[in-house]
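Observations on chain architecture
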Amino acid sequence: MNATPAVADDLIVIGKIYSVHGVRGEVKVYSFTDPIKNLLDYKTWTLRREGNVKQVELVSGRGNDKFLVAKLKGLDDREEARLLAGYEICVPRNLFPELTDGEYYWYQLEGLKVIDTHGQLFGKIDHLLETGANDVMVVKPCAGSLDDRERLLPYTEQCVLAVDLAAGEMKVEWDADF
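Reading the values: rules and limits
- Residues numbered from 1 in each chain as written.
- Predicted model: local features only at pLDDT ≥ 70, side-chain atom pairs only at ≥ 80, totals over all residues.
- Heavy atoms only, no water.
- Pairing = 2+ DSSP bridges.
- Helix = DSSP H or I, 4+ residues; strand = E, 2+ residues; numbered from the N terminus.
- Axes fitted to C-alpha atoms, helices over the stretch in contact; angles between N-to-C directions.
- Salt bridge = Lys/Arg side-chain N within 4 Å of Asp/Glu carboxyl O.
- Buried < 20%, exposed > 50% of the residue type's maximum accessible area, 1.4 Å probe, protein only.
- Phe/Tyr/Trp six-rings, centres within 6.5 Å; stacked < 30°, edge-to-face > 60°.
- pLDDT = per-residue confidence, 0-100.
- Contact = heavy atoms within 4.5 Å.
- UniProt positions renumbered as here; feature names shortened; annotations may be inferred.
- Core = buried A, V, L, I, M, F, W, Y, C linked by side-chain atoms within 4.5 Å.

Moving on, we get to the sheet that holds strand E10 (residues 151-154). A sheet is described by the order of its strands in space; here six strands give the open sequence E10-E9-E8-E7-E12-E11, paired in mixed fashion. For this open sheet the edge positions go to E10 and strand E11 (160-164), each flanked by a neighbour on one side alone. If you compare each strand with its neighbour and ignore which way they point, the axes differ by 35 degrees on average. Relative to E10, strand E9 (residues 135-140) runs antiparallel, the two being bridged by four bridges.

Shown next as structure tokens:
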């Protein structure tokens with residue numbers, strides 16, 4: 001394991017180690033990628049937890065629809081692997097594939113101001129949730145917000161009218177009294 005990770009501001013969390021698997025030092029991983037096995041496409045991970053940062057190399061991985069099992073280079077002991085539980089798995093954003101116009105990664109949407117068609121500021125996107133039907137934006141109030149309500153807005157074409165990353169804004173069609 002290497003202690004020289006990429007620049008922290010450039011890292012995006014794509015998963016989390018949550019447990020050990022077996023006796024050979026493998027770890028169980030929650031993947032935040034879609035599909036979840038895409039996490040295994042990244043061979044170098046920067047692990048981060050409570051100010052601790054380290055770089056590891058993925059040797060192999062496998063999984064199902066709920067979690068992955070990963071083998072990391074130099075990690076052959078169950079007790080050593082247990083120490084990695086709770087670490088976020090990060091990769092530099094420049095490794096992400098390019099998207100077509102109108103497509104965005106969640107990290108690009110987080111922090112955008114959400115403004116309705118009447119010019120009212122609902123707040124900023126705190127994070128997104130995956131649901132069965134569609135993704136949902138969690139919009140929390142900020143300075144200048146219409147009120148102090150947290151809103152859950154669907155990330156759909158009917159709701160999201162425009163995204164302007166340069167301006168840090170998203171225009172939505174939504175009834176404020178909803």
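From this point, the narrative continues.
The next thing to look at is the sheet that holds strand E6 (residues 88-92). Two strands in a sheet stick together by hydrogen bonds in their backbones, pointing the same way (parallel) or opposite ways (antiparallel). If you walk around this closed barrel you meet the six strands as E1-E2-E5-E4-E3-E6, and the pairing is antiparallel. Here the strands of the sheet are splayed against their neighbours by 50 degrees on average, with no regard to which way each runs. Sheet topology places strand E1 (residues 11-21) next to strand E2 (residues 26-31); six bridges connect them, and they run antiparallel. Paired with isoleucine 17 across the bridge in E2 is valine 29.

It is worth spelling out the pattern of salt bridges at this point. Enumeration according to the criterion identifies nine salt bridges in this entry. The closest approach of N and O atoms between lysine 140 and aspartate 126, which form a salt bridge, is 4.0 Å. With a gap of 14 residues between them, lysine 140 in strand E9 and aspartate 126 in strand E8 (residues 121-130) connect regions that are remote in the sequence. A residue is classified by how much of its surface remains accessible, and aspartate 126, at 39% relative accessible area, is partly exposed. Among the ionic pairs, arginine 151 bridges to aspartate 147, the shortest N-O distance being 3.0 Å. On the basis of relative accessibility, which here comes to 4%, the residue arginine 151 falls in the buried class. In this structure aspartate 147 comes out as partly exposed when scored by relative accessible area, which is 24%. Through salt bridges that share partners, Asp126, Lys140 and Glu150 make up one connected network.

Let us look at the packing of aromatic side chains. Geometrically, a pair of aromatic rings is defined through the distance of the ring centres and the angle of the planes. Counted according to the given criterion, the structure contains six aromatic pairs. Taking the centre distance of 6.3 Å and the plane angle of 90 degrees together, the rings of tyrosine 18 and phenylalanine 67 count as edge-to-face. Taken together, the residues span a long stretch of sequence, with tyrosine 18 in strand E1 and phenylalanine 67 in the loop between strand E4 (52-63) and strand E5 (68-72) at a distance of 49 residues. Consider the rings of tyrosine 105 and tyrosine 107, whose centres lie 5.9 Å apart with planes at 15 degrees: the pair is stacked.

Right, let's talk about the confidence of the model for the protein chain for a bit. Looking at the protein chain, the pLDDT average stands at 91 and 93% of residues meet or exceed 70. For the stretch residues 1-6, pLDDT sits under 50, and the model shows 14 contacts to residues farther than four places along the chain or on other chains.

Bringing the pairing of E6 into the picture now. The buried fraction of E6 amounts to four of the five residues, a majority that puts the element mostly inside the structure. Here five bridges tie E1 to E6, and the two strands are oriented antiparallel to one another. Bridge pairing links leucine 11 to proline 92 in E6. Note: strand E3 (residues 44-49) against E6, three bridges, orientation antiparallel. Each residue of the ladder has a partner; that of threonine 46, found in E6, is cysteine 90.

Let us look at the UniProt feature "domain: RimM N-terminal" (unreviewed entry) in the protein chain. With numbering aligned to this structure, UniProt lists the feature "domain: RimM N-terminal" (unreviewed entry) at residues 13-94. Across residues 13-94 one finds 6% helix and 52% strand; the C-alpha atoms that close the span lie 13 Å apart.

Val27, Val29, Leu39, Trp45, Leu47, Leu72 and Ile89 are the most contacted members of the largest nonpolar core, which has 24 residues in total. Broken down by secondary-structure element, the contributors of at least two residues to this core are E1, E2, E3, E4, E5 and E6. At four residues, E1 tops the list of elements feeding residues into this core. When residues no more than four places from it in sequence are discounted, the contact partners of leucine 39 are Ile14, Gly15, Val29, Tyr30, Ser31, Thr33, Trp45, Leu68 and Ile89. Residues Phe122, Leu128, Val163 and Trp174 belong to the second largest nonpolar core, which totals 15 residues.

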